[in-house]
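Chains, contacts and geometry: an overview
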Amino acid sequence: MTSAGGWFDRFVDGLPDTAVFKFLSAKVLVPFWAWRTPTPPLPGGPRPSVQPSENVQRMMNLVMPLKDTSAIGRAKATLAIAQNVDEIFAGLDNVGTVHFARFVLIGDYLCMISVYDGDFSNYIRDFIATIGSVFDQVVKLVEGGEAITPSANHIEAFIDWVHAHDLFQAPDLPTDLFTLQDAARGTARASARDGLRLLPRDLILQLHANPNVSLGGGYRGYPGFSAAQVRQKLGVGW
Amino acid sequence: MDDPGIAAKLVEALDASFPDGRQDLRPVHTFGIGATGFFEASDVARDYSIAEHFQGQQIRIVARFSNGSGSGVQHDGWSDVRGLAIRFQLANGAAADLIAMTLNEFFTPTVETFLKFSPATIPIAAERESAWLKIFDMLRLMLPMDDPYPGQKTEAVTGALKFADKHSYAQLPVFQAGALGAPVSYARATYHAVHTFVVVGPDGLRRPVRFTWQPVSGVLTTDRTSPPSDKYLQQELCDRLAKGPARFILMMTIGEIGDDFDDPSRPWPPHRVRVVMGTLTLDAVPDDQVANGELLSFNPWRLVPGIEPSDDPILRARRDAYEYSRNRRKAPPGCPFSRS
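Residues numbered from 1 in each chain as written. Chains lettered and ligands numbered in written order. Predicted model: local features only at pLDDT ≥ 70, side-chain atom pairs only at ≥ 80, totals over all residues. Heavy atoms only, no water.

Let's talk about the sheet that holds strand S3 (residues 109-116) of chain A
All names here are of chain A. Put simply, the test is: Strand pairing follows a simple DSSP-based rule, namely that at least 2 bridges must link the two strands. The secondary structure listing takes helices from DSSP runs of H or I that are at least 4 residues long and strands from runs of E that are at least 2 residues long, numbered from the N terminus. To obtain each axis, a line is fitted to C-alpha atoms, and for helices this fit is confined to the stretch in contact; angles are then taken between N-to-C directions over 0 to 180 degrees. Whether two residues are in contact is decided by their heavy atoms: any pair within 4.5 Å suffices.
Spatial strand order, S1-S3-S2: three strands in an open sheet with antiparallel pairing. In the strand order of this sheet, the two ends are held by strand S1 (58-65) and strand S2 (98-106), each with one partner. Direction aside, the axes of adjacent strands within the sheet are offset by 10° on average. One ladder, built from eight bridges, connects S2 with S3; its direction is antiparallel. Looking at S3, one finds that Ile-106 is bridged to Tyr-109. Sheet strands touched by helix H5 (residues 120-139): S1, S2 and S3. Its angle to S3, the strand with the most contacts, is close to 145°.

Right, dumping it as structure tokens:
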């Protein structure tokens, strides 16, 4: 609690929580600043890095909008996964670089959340090779899915499609957002071009352009180790 | 750090940042409380360092918790960096220190940049941002400035923000310092040693590492909407330890090629290999706080074989700056260069 001001100060302090200001923000301020400061959605997935621990336990948050968002459409997506559990599990074992993977239905979206080691493109290539048929069934239920199936015949397009549906991962260090957005805008950054107090606006504009994001790279219980290293240490093979 | 004049400049720069500080006390982290307990290394710690306190036997320790401010007036409830300095009391009178704070990075990467940063944060009169300016901020999708605390006469945030807007290396620490708040207890904060050290294993392998103390009881800050209390942290620690011990886990993060080993203003990403090095147990607050707190002189260079300083220029400068500060306030010596 800070020093008390007059009634007008208290009114202004509470302004952001008022319905009027929330309406004004959503309908006027954010669209205005998005127009004034064009902010492209930042690309999804982990960012390239040559450092070893950045190349293991990488996060994939694949968010796919369902064509049919009714309970029946969602049931079809559920069945597409449930009827292929053996194929998915065998395929993931064969990929060999996956720590965990799961499908979840959130609202109108089918999501695949996984943690894997190594390069993103090779991860998806391995997927196509090992469980491409399952992915084909799933992707057909998703908006824009027809254009990339069968995946075996559209490998590069499939990889691009997955990348486009993988969530942007917000940087672990908050001020790194400036650097990422400057790079996306193609603007030079000789120094701290954006005032530090503008960090909230940069975040708001990114969330305006990119409604779903992963908040940071996530926690790891045993960071820096690959699935193969963990399995070998535990004595459970490969 | 070979220029003894730099040590004086650093301490004087801190003095200038806290005009109401006292020269018979520490220039920063002025108010604090000592505690005692022991450290027990984990089973794996000895695989990474031959340092005596990482071999597994119980090591007696002395700790000092502190508020980061160098002001002569105590304000526990204000947002501020907090410190935790630990002295590992080793065999034959030897000792090793580990000094950490709640901010995950230092404000600047070098001594020279710190000597520019410090004058920029000399306090100015604290004024509440006008309601109209706040509305203007909101219309620009900016957070309004925090209001001063009741009774707060000066503030350094404005200067720090201006500096950070011109020097990108200061953006992260200034931003994160503004979000620190006040812990409900010294035992409920995470403390980062920020500098890179080099640990030497039994096989001679040298690893660049950074240390963090994580509270077993979890991190918790006070409610910012409630009135801040000026004095509660020391009594809370006394009350807490009277009921039972407080514990911290010592985590060691191993750096990789490509990390900023010598830049304390840049934290390493959270995906590096982390090793549990041991558990700190605090079980008492000594009655004699002068001997067990105020007269203790910690130094990040008080190290033992098995843990060495990196080339981090701020770490190197702290060696002499701590000694200069100790001499000035006439605290007993604990020479960091004799490694004793």
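What to know about the environment of Pro119(B)
Residue and element names in this part refer to chain B. Convention followed: Relative accessibility decides the category of a residue: with a 1.4 Å probe and only protein chains considered, values under 20% of the type maximum give buried, values over 50% give exposed, and everything between is partly exposed.
Along the chain, Pro-119 falls in helix H3 (residues 111-120). Using a relative accessible area of 46% as the deciding quantity, one classes Pro-119 as partly exposed. As a C-alpha pair, Pro-119 and Ser-17 span 102 residues in sequence and 7.0 Å in three-dimensional space.

Quick word on the packing of aromatic side chains
Applicable threshold: Aromatic rings from Phe, Tyr and Trp, with only the six-membered ring used for Trp, were paired whenever their centres fell within 6.5 Å, and each pair was classed as stacked if the ring planes differed by under 30 degrees, edge-to-face if by over 60, and tilted otherwise.
Summed over the entire model, instances satisfying the criterion amount to 28 aromatic pairs over all chains. Between Phe39(B) and Phe88(B), the aromatic rings sit 5.3 Å apart at their centres with planes inclined by 80°, giving edge-to-face as the arrangement. Of the two residues, Phe39(B) is situated in strand S1 (residues 32-41) and Phe88(B) in strand S3 (residues 82-89); the sequence distance between them amounts to 49 residues. The buried category is assigned to Phe39(B), whose relative accessible area is 0%. Owing to a relative accessible area of 1%, Phe88(B) belongs among the buried residues under this scheme. Judged by centre distance (6.0 Å) and plane angle (70°), the ring pair of Phe261(B) and Trp268(B) falls under edge-to-face. We classify Trp268(B) as buried; its relative accessible area is 9%. Joined through ring pairs, the aromatic side chains of Tyr116(A), Tyr123(A), Phe127(A), Phe135(A), Phe158(A) and Trp161(A) make up one cluster.

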